[in-house]
Amino acid sequence: MREELVLLVGNLLASARGLLDEPKDYGPMRCLGAACRVLELLEQAEASEPRLVTVRKRIEDVLTGPQNHEHTAGFLDELCEQVAVAVTRPAEARTDG
C-alpha cells in the first residue's frame, strides 16, 4: 500500500506541475484520475462499498471514453453528490466495519 500511495503522490505532484502549462481542461481529468486511483486503493484494502465502486467505474468510463468537456461540470456534481451520500449514509454492505 505504501508504494501505491507514494506513486499517487508522485502523480499528483507531476500533475500539479503539468497544469501550469497544459490546457485548463486537463485539470479535471487529472483530478478524476487521482480520485479513481484512491477508490481502487480502497477496494484493494477492502475498505470500499458498492456505491464507491460505482463511482470509480463511472470515472473510468469517462477517462477511457470520448472526451466531452461541456458535460464535465454536471458529471463532477453527480460524483460529488454520490460520494457525499456514501459518507453521510453508510451502506449496510460496507466492508470497512
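Residues numbered from 1 in each chain as written. Predicted model: local features only at pLDDT ≥ 70, side-chain atom pairs only at ≥ 80, totals over all residues. Heavy atoms only, no water.

Once that is clear, we can look at the state of the cysteines. A full pass over the atoms with the stated rule returns 0 disulfides. Here C36 is not cross-linked by a disulfide; its sulfur's nearest cysteine counterpart is in C31, at 13 Å. For C36, a relative accessible area of 5% translates into the label buried. Of all cysteine sulfurs in the structure, the one in C31 sits closest to C80, which takes part in no disulfide; the separation is 11 Å. Its relative accessible area of 54% is what places C80 among the exposed residues. (Disulfide = S-S within 2.5 Å. Buried < 20%, exposed > 50% of the residue type's maximum accessible area, 1.4 Å probe, protein only.)

Quick look at helix α2 (residues 26-44) now. Think of an α-helix as turning once every 3.6 residues; residues three or four places apart then point the same way. Between its first and last C-alpha, α2 extends 27 Å over 19 residues, near the 27 Å set by a 1.5 Å rise per residue. Residues G27, M29, L32, A34, C36, R37, L39 and L41 constitute the buried set of α2. In the stretch just after α2, E46 is the one whose phi turns positive, near 55 degrees. (Helix = DSSP H or I, 4+ residues; strand = E, 2+ residues; numbered from the N terminus. Expected span 1.5 Å × (residues − 1).)

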